[in-house]
Amino acid sequence: MTTINDVARRAGVSAATVSRVMNDTKPVSPELRQRVLRVMDEMDYRPNLLAGSLRRRVTHTIGLIVPDTTNPFFGELAKSVEDVGFQNGYNVILCNSDYNLERERSYIMVLKAKQVDGLIFIPGSSRTDHVSDLLESWQGSVVTADRLTPELKADSVVANNRAGGRMAALHLLGLGHRYIGCIERPEHLAHIEDRLTGFREILRQGSVEVPKELCVRGGFRLEDGVRAGRALLTLPDRPTAIFAYNDIMAIGALQAAKELHVRVPDDLAIVGFDDIPMASYLTPALTTIRLPKYRIGALAAEILLGRVRGEIEGPQHHEVLEVELIVRGSSDPSFAPKYADY
Ligand code: RIB
């Protein structure tokens, strides 16, 4: 039977180092960790980690709650959390709350019962009172990602949404648009509100207002974007541009434009938010604000593991990552394929 000493000998490290890698009791460099894990695998060394972790109450698992697994934005973010977890010997339990508060509460209870070492939480609403009691007594750590939850005492990693809204407005004003429609958030979500606030700020500086009738409520699904797009494009006086609160809504609006024979970008410019992978594969490709999705998740995971291992201590970290305007054919004719190309 293979023992810890056999693994240590083959990996050229001490048994204590192998134990650190297995139990995550002290920091070990990523290269050393990989080497030890590889040798454990080669030698088929399978210690009873559960028994050990039960004694120390460490499970090497972290929870990740996202509001919507159908939105590719959260797919990329989840991948980055999983990548960082994997590199550090942690498994990730992914839960999809579906923007449902009851489900959020129930998942937090489940994750606590499973004694995960920490949680990355992306709340589905700006409300957190339904989970604050559970999170307050959390034994590990909690990091909120993508959106701020000031009432929770948690580290956070978010994007500069307001700056993104400003960039979108500057872009559309620069292209000469003055009569612009918006597809808004479906319900109150502060980070999305920030996008619209930034957008309106810049429009106002150009003496442009978004009239009430040009602001329609979106949803979370593609069909909500189609519905919102139709509503805007069938107005007697339709807008020359649409700013959508995310790419899913923008793609829906693009589809509505196709149905109604409104040419994009000649008759209508569309700008989204997120830069999900499919945005660059559409015809025309979607102009959007690129959120650093991968970095948001990776940094959230790094902070969480830092807390869990005691490498990060002290006051909460609040990281704000910058966004970028990506101009493509849905707004700018010089980037769009000619209709003759179809
Ligand atoms: O609520 C969904 C949106 O929030 C995503 O599309 C992304 O923009 C995130 O910030």
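Quick caveat, the model's predicted, so the values are computed rather than measured. (Residues numbered from 1 in each chain as written. Predicted model: local features only at pLDDT ≥ 70, side-chain atom pairs only at ≥ 80, totals over all residues. Heavy atoms only, no water.)

### Notes on the sheet that holds strand 6 (residues 180–184)
With respect to topology, four strands assemble into an open sheet ordered 7-6-8-9, the strand pairing being parallel. Pairing within the sheet leaves two strands with one partner each, and these edge strands are strand 7 (215–217) and strand 9 (269–271). Averaged over all adjacent pairs, the angle separating strand axes in this sheet is 20 degrees, with direction ignored. Both strand 6 and strand 7 contribute to a ladder of three bridges, which runs parallel. (Pairing = 2+ DSSP bridges. Helix = DSSP H or I, 4+ residues; strand = E, 2+ residues; numbered from the N terminus. Axes fitted to C-alpha atoms, helices over the stretch in contact; angles between N-to-C directions.)

### Digging into helix 8 (residues 161–174)
Taking 1.5 Å per residue as the helical rise, helix 8 with its 14 residues ought to reach 20 Å, and the 20 Å between its terminal C-alpha atoms agrees with that figure. Along helix 8, the residues that are buried comprise Asn-161, Ala-163, Gly-164, Gly-165, Ala-168, Ala-169, His-171, Leu-172 and Leu-173. (Expected span 1.5 Å × (residues − 1). Buried < 20%, exposed > 50% of the residue type's maximum accessible area, 1.4 Å probe, protein only.)

### Let's talk about the packing of aromatic side chains
In total, this model carries four aromatic pairs according to the counting rule given. Look at Phe-73 and Phe-74: their rings are 5.0 Å apart centre to centre, the planes differ by 90 degrees, and that puts the pair in the edge-to-face class. No difference in accessibility class separates Phe-73 from Phe-74, as the two residues are buried. Between Phe-199 and Phe-243, the ring centres sit 4.3 Å apart and the planes meet at 20 degrees, which makes this aromatic pair stacked. In this pair, Phe-199 sits in helix 9 (residues 190–205) while Phe-243 sits in strand 8 (residues 241–244), placing the two residues 44 residues apart along the sequence. Each member of the pair Phe-199 and Phe-243 is classed as buried. Joined through ring pairs, the aromatic side chains of Phe-199, Phe-243 and Phe-273 make up one cluster. (Phe/Tyr/Trp six-rings, centres within 6.5 Å; stacked < 30°, edge-to-face > 60°.)

### Observations regarding the sheet that holds strand 2 (residues 91–96)
The pairing of strands in a sheet comes from backbone hydrogen bonds and takes either a parallel or an antiparallel form. Spatial ordering of the open sheet is given by 2-1-3-4-5-11, a layout of six strands whose pairing is parallel. The two strands at the open ends of the sheet, each matched to only one other strand, are strand 2 and strand 11 (318–321). Neighbour-to-neighbour, the strand axes of the sheet open up by a mean angle of 15 degrees, direction not taken into account. Two elements, strand 1 (residues 61–66) and strand 2, share six bridges in a ladder whose sense is parallel. Bridging across to strand 2, Ile-65 finds its partner in Cys-95.

### Side note on the nonpolar core
With 73 residues, the main nonpolar core has Ile-120, Ile-183, Phe-199, Leu-203, Leu-268 and Ile-270 as its most contacted residues. Counting 14 residues, the second-largest nonpolar core is a separate cluster that includes Leu-134, Leu-135, Trp-138 and Ala-154. (Core = buried A, V, L, I, M, F, W, Y, C linked by side-chain atoms within 4.5 Å.)

### What to know about the site of the ligand
Looking at the ligand, the residues that line it are Asn-71, Phe-73, Phe-74, Tyr-99, Asp-146, Arg-147, His-191, Ile-192, Arg-195, Asn-246 and Asp-274. Asp-146 places a side-chain nitrogen or oxygen 2.8 Å from an oxygen atom of the ligand. In the model, an oxygen atom of the ligand is placed 2.5 Å from a nitrogen or oxygen of the Asp-274 side chain. Considered on its own, the ligand offers 280 Å² of accessible surface; in the complex 100% of this is hidden by protein. When residues of the shell around the ligand are traced back to their parent elements, those giving at least two are helix 5 (72–87) and helix 9. Broken down by element, the residue count for the shell around the ligand peaks at three residues, all from helix 9. (Near = heavy atom within 4 Å. Polar contact = N/O pair within 3.5 Å; in protein donor to acceptor, adjacent residues only side chain to side chain. Areas by Shrake-Rupley, 256 points an atom, 1.4 Å probe, with all protein chains shown as cover.)

### Describing the pairing of strand 3 (residues 118–121)
Note on strand geometry: in a regular strand, side chains alternate between the two faces of the sheet. Residues of strand 3 alternate between two faces, with Gly-118 and Ile-120 on one and Leu-119 and Phe-121 on the opposite face, all of them buried. When strand 1 meets strand 3, the two strands line up parallel, connected through four bridges. Along strand 3, the bridge assignment pairs Gly-63 with Leu-119. Inspection of the sheet shows strand 3 paired to strand 4 (residues 141–145) by four bridges, in the parallel sense. Within strand 4, the position partnered with Phe-121 by the bridge is Thr-144.

### Notes on the domain arrangement of the protein
Domain assignment breaks the protein into domain 1 (4–47) and domain 2 (161–291 + 325–335). Here the C-alpha centroids of domain 1 and domain 2 sit 52 Å apart. (Domains from an automatic or database assignment.)

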